[in-house]
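Each chain is listed here by its residues.
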Amino acid sequence: MDCRGAFFLCLCFMTSQSETMDTSQEPLRCMRKLETVSRYRRPAPFPDIIRDLENSLLNASFRGNNLTLQTRSIQSLIFKLGCGFAGLSLNSTTMEEYSKAGVSHAMYFPAELTKDACRARPRELRLICIYFSTAYFFQNANSLVLNNYVLGAQLGQGHVSNLNEPISISFQHNQSLEGYMVTCVFWKEGASKHYWGVWSPEGCRTEQLSPSRVLCRCNHLSYFAVLMQLSQAPIPRELLVPLMYISLVGCSISIVSSLLTILLHFQARKQGDSMTRIHMNLHASVLLLNVAFLLSPLPATPPVPGSACTAVAAILHFALLSCLTWTAIEGFNLYLLLGHVYNIYIRRYLLKLCAVGWGVPALLVLFLVVESSAYGPCTIPVSSSQENGTGFQNMSMCWVQNRWVHSILVMGYGGLTSLFNLVVLVWALRVLQRLRARNGVLNPRACRDSVTVLGLTVLLGTTWALAFFSFDVFLLPQLFLFTTFNSLYGFFLFLWFCSQRRRSEAEMETEMERFSSSQTML
């Protein structure tokens, strides 16, 4: 080879090296740009910059099968994968400051990861992993990220989801989680009007294997983190089984009882007055509440789509609000019956009550569905005793996710209705006591009325007040009392309905006997 050929070959080699360095330096420029934005808290289009980083990583040229790039708070990894991919395990290789602090992470990608992509078109694939030691780019209201650590992964330009074998992400930390509930979440783009995404637990399962380690198992690729939320003490697993059994049996009995009550009502020739129809509306709301509650855990786990869980959660919330509203209507109707000696005629009384009992909860729930992502999978912390300490494995059900919505439209709404019914109960008992004192003797009918009012008002709403005693020494008895009374709520209403029906039939027989006696005397 002459000198000109050697020079040309050397020039081509240097050019290819320069192009390789340029393409591999482009991700570093994006990473440094993100560093600057994070350090000086400058406003910037986060999704655009992060997508530029992802595209530059996918298009980077490098020798070998993997490349690692690192800045102060961002680390990026690129892997070349083939269709014979057998799985990949990654351990934390972050900066020295994090290893000293006892913070690390690990990720495992199953062999199924490349299955769909290779089935469509066999080719070389790129797997990129981006690790952020700051959650500044993933801002979300009322969210506290464990160690401010976010781990992301992407396979080419495609979307990987619904994996049979989940991706495992392990977070090692040194923070005290006492009083906190941890939840594995992923960043769901476009799900919020105020941010470029929200944290969502869909498709992820949380396991707290030890006090310093949280394991996330997710069936898709995205950006993952562990959210810390203030919570009550977790439910011991030893108590969870009897509580679930009580709920299942109690709700099933209530469903049958409510159905039977409604059928008996429609079977009767005389449909009854407005009071009886108010009772039937309450039975209908209790029936819907029990059915929705039993169905709520099913859509909370993958592969059920998130829209199904949102729908079930919204129906459950609507049923609860309707049930609470109808208990307040029962108290209001009781006040009208006892507080006014003369009958008061209200035009279209039952129609107006139905507009309040069903319409108000429907408007509230529809507003939440349209305006915010208030519904979805809700985690329940469950603790279990292990050899190396206490472990945690959360359970999920479809319910209200937003803390403010839960505080106002669950606890606040229930507290107001329970307080109203308690006030009506005390007032009604005082009225009946005055009637007995006015007669000067103990009237058996007044005693029966007292028992009726007590049973009606206690069974129609005041048991929900047990929800406000879930703290300290009251937690354990409150769990069993609340679960027992409110799961059998429909059954108690059925017993009250049967007693009232039997009482009405007995009074009717007495009136018929009196009428027959008077006719005989004539």
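Criteria and thresholds
Residues numbered from 1 in each chain as written. Predicted model: local features only at pLDDT ≥ 70, side-chain atom pairs only at ≥ 80, totals over all residues. Heavy atoms only, no water. Helix = DSSP H or I, 4+ residues; strand = E, 2+ residues; numbered from the N terminus. Contact = heavy atoms within 4.5 Å. Areas by Shrake-Rupley, 256 points an atom, 1.4 Å probe, with all protein chains shown as cover. Polar contact = N/O pair within 3.5 Å; in protein donor to acceptor, adjacent residues only side chain to side chain. Disulfide = S-S within 2.5 Å. Buried < 20%, exposed > 50% of the residue type's maximum accessible area, 1.4 Å probe, protein only. Patch = residues over 30% accessible without salt bridge, like charges linked within 9 Å, V, L, I, M, F, W, Y side chains within 5 Å. Salt bridge = Lys/Arg side-chain N within 4 Å of Asp/Glu carboxyl O. Expected span 1.5 Å × (residues − 1). Axes fitted to C-alpha atoms, helices over the stretch in contact; angles between N-to-C directions. Parallel < 35°, antiparallel > 145°, perpendicular 65-115°, else oblique. Left-handed = near helix turned anticlockwise from the far one by under 90°. Nonpolar A, V, L, I, M, F, W, Y, C, P; charged D, E, K, R; others polar.

### Describing the overall build of the chain
Counting secondary structure elements, the chain contains 12 helices and 17 strands. The long-range share in the chain, meaning contacts at least 24 apart out of those at least 6 apart in sequence, stands at 73%. Summed over all atoms, the accessible surface of the chain reaches about 28300 Å², with 62% contributed by carbon and sulfur.

### Quick notes on the environment of Thr68
The topology assignment puts Thr68 in strand S1 (residues 66-70). Separated by 10 residues in the primary sequence, Thr68 and Ile78 place their C-alpha atoms 6.6 Å from one another. In contact with Thr68, other than residues within four places in its own chain, are Gln75, Ser76 and Leu77.

### Quick word on the environment of Thr134
One can find Thr134 in the loop between strand S5 (125-132) and strand S6 (150-155). Within the local environment of Thr134, its side chain forms a polar contact with the backbone nitrogen of Tyr136, the two atoms lying 3.2 Å apart.

### What about the state of the cysteines?
Following the criterion strictly, the structure yields four disulfides and no others. Sulfur-sulfur distance for the disulfide between Cys184 and Cys216 comes to 1.9 Å. Judged by the torsion about the S-S bond (-80 degrees), the Cys184/Cys216 disulfide is left-handed. Pair noted here: Cys184 is in strand S8 (residues 180-189) and Cys216 is in strand S11 (residues 213-218), with a separation of 32 residues, a long-range link. Residue class for Cys184 comes out buried when judged on its relative accessible area of 1%. In this structure Cys216 comes out as buried when scored by relative accessible area, which is 1%. A sulfur-sulfur separation of 2.2 Å characterises the disulfide bridge that pairs Cys204 with Cys218.

### Some words on a nonpolar patch on the surface
Taken together, the side chains of Tyr245, Leu248, Val249 and Ile253 make up a nonpolar region of the molecular surface, amounting to roughly 380 Å² of accessible area. Along the chain, Ile253 falls in helix H5 (residues 237-267). By relative accessible area, which is 34% here, Ile253 ends up partly exposed.

### Here we look at the pattern of salt bridges
One pass over the structure, following the stated rule, counts eight salt bridges. The shortest N-O distance in the salt bridge between Lys188 and Glu202 comes to 3.2 Å. With Lys188 in strand S8 and Glu202 in the loop between strand S9 (197-200) and strand S10 (204-210), this pair connects stretches of sequence that are 14 residues apart. Through salt bridges that share partners, Asp48, Arg51 and Glu189 make up one connected network.

### Observations concerning H5
For H5, built from 31 residues, the straight-helix expectation of 45 Å at 1.5 Å per residue is met to within 8% by its first-to-last C-alpha distance of 45 Å. Regarding H5, the residues found buried are Leu240, Leu243, Ser247, Gly250, Cys251, Ser254, Ile255, Ser257, Ser258, Thr261, Ile262 and His265.

### Things to note about unusual backbone geometry
We note that Asn147 has phi near 60 degrees; this positive angle belongs to a residue other than glycine. With respect to the helices and strands, Asn147 occurs in the loop between S5 and S6. Residue Asn147 is classed as buried on the basis of its relative accessible area, which comes to 16%. One non-glycine residue, Arg348, adopts positive backbone phi at about 50 degrees. Note that Arg348 resides in the loop between helix H7 (306-339) and helix H8 (349-371).

### Quick look at the packing of helix H6 (residues 274-295) against H7
H7 packs onto H6 with a crossing angle of 155 degrees between their chain directions and a minimal axis gap of 8 Å. Of the possible angle classes, the one that applies to H6 and H7 is roughly antiparallel. Handedness of the H6/H7 crossing: left-handed. Of the residues contributing to the contact of H6 with H7, the split by class is 19 nonpolar, six polar and one charged.

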